[in-house]
Amino acid sequence: MGRTAQHKLTGRQKAAVLLVSLGPEVSAKVFKHLRDDEIEQLTLEIANIRKIEHAEKAAVLEEFHQICLAKEYISTGGIDYAKEVLEKALGSQKALEIIHRLTASLQVRPFEFARKADPNQILNFIQNEHPQTIALVLAYLEPAQAGMILSSLPQEMQADVARRIALMDSTSPEVVNDVERVLEAKLSQMAVHDFSSGGGIDAIVQVLNGVDRATEKTILEALELQDPELADEIKKRMFVFEDIVLLDNRSIQRVIRDVETSDLQLALKAASEEVREVIFRNMSKRMAETFKQDMEFMGPVRLRDVEEAQQRIVGIIRRLEESGEIVIARGGGDDIIV
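All values reported here derive from a predicted model rather than from experimental measurement.

Looking only at helices and strands, the protein features 18 helices and two strands. Expressed as a percentage of the 338 residues in the protein, the buried residues total 39%. Within the protein, contacts between residues at least 6 apart in sequence are counted, and of these 73% link residues at least 24 apart. For the protein, the exposed surface amounts to about 19,600 Å²; the carbon and sulfur share of it is 51%.

For the rest of this paragraph, the subject is the environment of leucine 167. Inspection of the secondary structure puts leucine 167 in helix α9 (residues 155–167). Between the alpha carbons of leucine 167 and glycine 200 there is a distance of 5.5 Å; along the sequence they are 33 residues apart.

Under the defined criterion, the tally for this structure stands at seven salt bridges. In this structure, glutamate 63 and lysine 14 form a salt bridge, with 3.2 Å as the shortest nitrogen-oxygen distance. Taken together, the residues glutamate 63 in helix α4 (residues 54–90) and lysine 14 in helix α1 (residues 11–22) connect sequence positions 49 residues apart. The partly exposed category is assigned to lysine 14, whose relative accessible area is 26%. Taken together, the shared-partner salt bridges connect Arg254, Asp258 and Glu325 into one network.

Before going further, it helps to examine the environment of glutamine 127. With respect to the helices and strands, glutamine 127 occurs in the loop between α6 (119–126) and α7 (131–140). On the basis of relative accessible area, glutamine 127 is assigned to the partly exposed category, the value being 28%. Taking C-alpha positions, glutamine 127 is 9.5 Å from methionine 157, a pair spaced 30 residues apart along the chain. Once residues within four sequence positions are removed from consideration, glutamine 127 is found in contact with Ile134, Leu153 and Met157.

Moving on, we come to the confidence of the model for the protein. The predicted model of the protein averages 76 in pLDDT, with 76% of residues at 70 or higher. For residues 2–6, every residue scores under 50 in pLDDT, and the model assigns this stretch eight contacts once sequence neighbours within four places are set aside.

Another point: a nonpolar patch on the surface. On the surface, Leu22, Val26, Val30 and Leu61 cluster together into a nonpolar patch covering about 250 Å² of accessible area. When you line up the elements, leucine 61 lands in helix α4.

Here the focus is the nonpolar core. Generally speaking, a soluble globular protein has its nonpolar side chains buried in company with each other. Counting residues in each nonpolar core, the largest one holds 37 residues, and the members touching the most others are Leu138, Leu150, Val161, Ile165, Ile204, Leu208 and Ile234. For this core, the elements supplying multiple residues, two or more each, are α6, α7, α8 (143–152), α9, α10 (173–183), α11 (201–208), α12 (213–226) and α13 (228–238). Counting residues per element, this core draws most heavily on α7, which supplies seven residues. Discounting residues that sit within four places of it in the chain, leucine 138 has contacts with Ile126, Ala146, Ile149, Leu150, Val161 and Ile165. Core analysis: the next-biggest nonpolar cluster, separate from the first, contains 27 residues, Phe239, Phe241, Ile244 and Leu247 among them.

Between helix α15 (residues 261–269) and helix α17 (residues 285–298), the least distance of the axes is 10 Å, while the angle of their chain directions is 70°. What the angle tells us is that α15 and α17 run roughly perpendicular. On α17, the residues touching Thr261, Leu264, Gln265, Leu266, Leu268 and Lys269 of α15 are Phe291, Asp294, Met295 and Met298. Broken down by class, the residue content of the contact of α15 with α17 amounts to six nonpolar, two polar and two charged.

Time to look at α11. Of all eight residues in α11, six are buried; the element is thus mostly enclosed. For α11, the set of buried residues is Ile201, Ala203, Ile204, Val205, Val207 and Leu208.

It is worth spelling out a negative patch on the surface at this point. On the surface, Glu242, Glu273, Glu274 and Glu277 cluster together into a negatively charged patch. Counting through the fold element by element, glutamate 277 comes out in helix α16 (residues 273–281). Residue classification places glutamate 277 among the partly exposed residues on the basis of a relative accessible area of 45%.

On to the packing of aromatic side chains, then. For the coordinates displayed, the defined rule picks out one aromatic pair. Plain terms: the ring middles of phenylalanine 280 and phenylalanine 291 are 6.1 Å apart, the flat faces sit at 70° to each other, and that makes the pair edge-to-face. Of this pair, phenylalanine 280 sits in helix α16 while phenylalanine 291 sits in helix α17, placing them 11 residues apart in sequence. Taken as a pair, phenylalanine 280 and phenylalanine 291 share a single burial class, namely buried. Lying across the ring of phenylalanine 280, lysine 292 places its NZ or CZ 4.8 Å from the centre.

For the α-helix, the turn length of 3.6 residues means that residues three or four positions removed from each other point alike. Of all the residues in α6, the buried ones are Pro119, Ile122, Leu123 and Ile126. All buried residues of α6 project into a common sector of 105° when viewed along the axis, lining one side. Opposite the buried face of α6, by more than 90 degrees, sit the exposed residues Gln121 and Asn124.

Conventions and cut-offs
Residues numbered from 1 in each chain as written. Predicted model: local features only at pLDDT ≥ 70, side-chain atom pairs only at ≥ 80, totals over all residues. Heavy atoms only, no water. Helix = DSSP H or I, 4+ residues; strand = E, 2+ residues; numbered from the N terminus. Buried < 20%, exposed > 50% of the residue type's maximum accessible area, 1.4 Å probe, protein only. Contact = heavy atoms within 4.5 Å. Areas by Shrake-Rupley, 256 points an atom, 1.4 Å probe, with all protein chains shown as cover. Salt bridge = Lys/Arg side-chain N within 4 Å of Asp/Glu carboxyl O. pLDDT = per-residue confidence, 0-100. Patch = residues over 30% accessible without salt bridge, like charges linked within 9 Å, V, L, I, M, F, W, Y side chains within 5 Å. Core = buried A, V, L, I, M, F, W, Y, C linked by side-chain atoms within 4.5 Å. Axes fitted to C-alpha atoms, helices over the stretch in contact; angles between N-to-C directions. Parallel < 35°, antiparallel > 145°, perpendicular 65-115°, else oblique. Nonpolar A, V, L, I, M, F, W, Y, C, P; charged D, E, K, R; others polar. Lys, Arg positive; Asp, Glu negative; His and termini not counted. Charge placed at Lys NZ, Arg CZ, Asp CG, Glu CD. Phe/Tyr/Trp six-rings, centres within 6.5 Å; stacked < 30°, edge-to-face > 60°. Lys NZ or Arg CZ within 6 Å of the ring centre and 35° of its normal. Arc of directions from axis to C-beta.

Put into structure tokens, the structure is as follows:
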């Protein structure tokens, strides 16, 4: 590498120096947490290193150490506390430089404290609040937490809250702050200053995937009366074609019997290798061979046709579950198979 300690290194070069300094065993563990493109970039930088000056290595390790300290302070005492500690240790200018580098990647999501709380404690606090307030809180919680709380709300409230989560687009930071302060008086800072995205159809789908089957059915039936289009959109996303791998073998075999062969062939055209393997494993050897040959003879197909075929199969899977003929594993305890 042949640089002096004063030479300004790029972020990737610093990362490469750090990994070389940490040794192959530690570096290999770090690589397991990186994306392929990040691994490629770092490997290239490491390969370009010829020699690391002692002063350069020490400077990189010291900077890494300071960043680690800052992260630890932020995780325990907030950004303001981290800034105060770093100022005392390093001086105002150096502290500001470190905090500036970290702030973007360490912004605290709203209701961060609540994600570590017992769902029953949160339920006790919010169950008598306005449904919109309940929806706001649930939209920011972990899906499993939100699912448990939604299941415990009075049935007459469940669909209303679910609908509000699904239709929620963005909430001003002032409103989120107000609810946060009431829910947890000790929360003293919120790093996100722009409008915070929470809720939406994906959010309610995740929540409903965490509730028991009876609660899900109650909510969806009520939503079908209030807003049929919304209910249909939610149901479409509750179980997608690739989720077929979550079914047990008996259920998959039943699905294969009930769907149109042409639909299944179309659906598998754009399916993952895992899905194909599961489907073929639940066919007889002869049927699987014939099926694969027929798929080859189909030639190129339109993606829209594939998606429509997959959606028709998902509809059949949902109907089979609703009639109790197959079971889709979900968060509630009533779906445990023994």
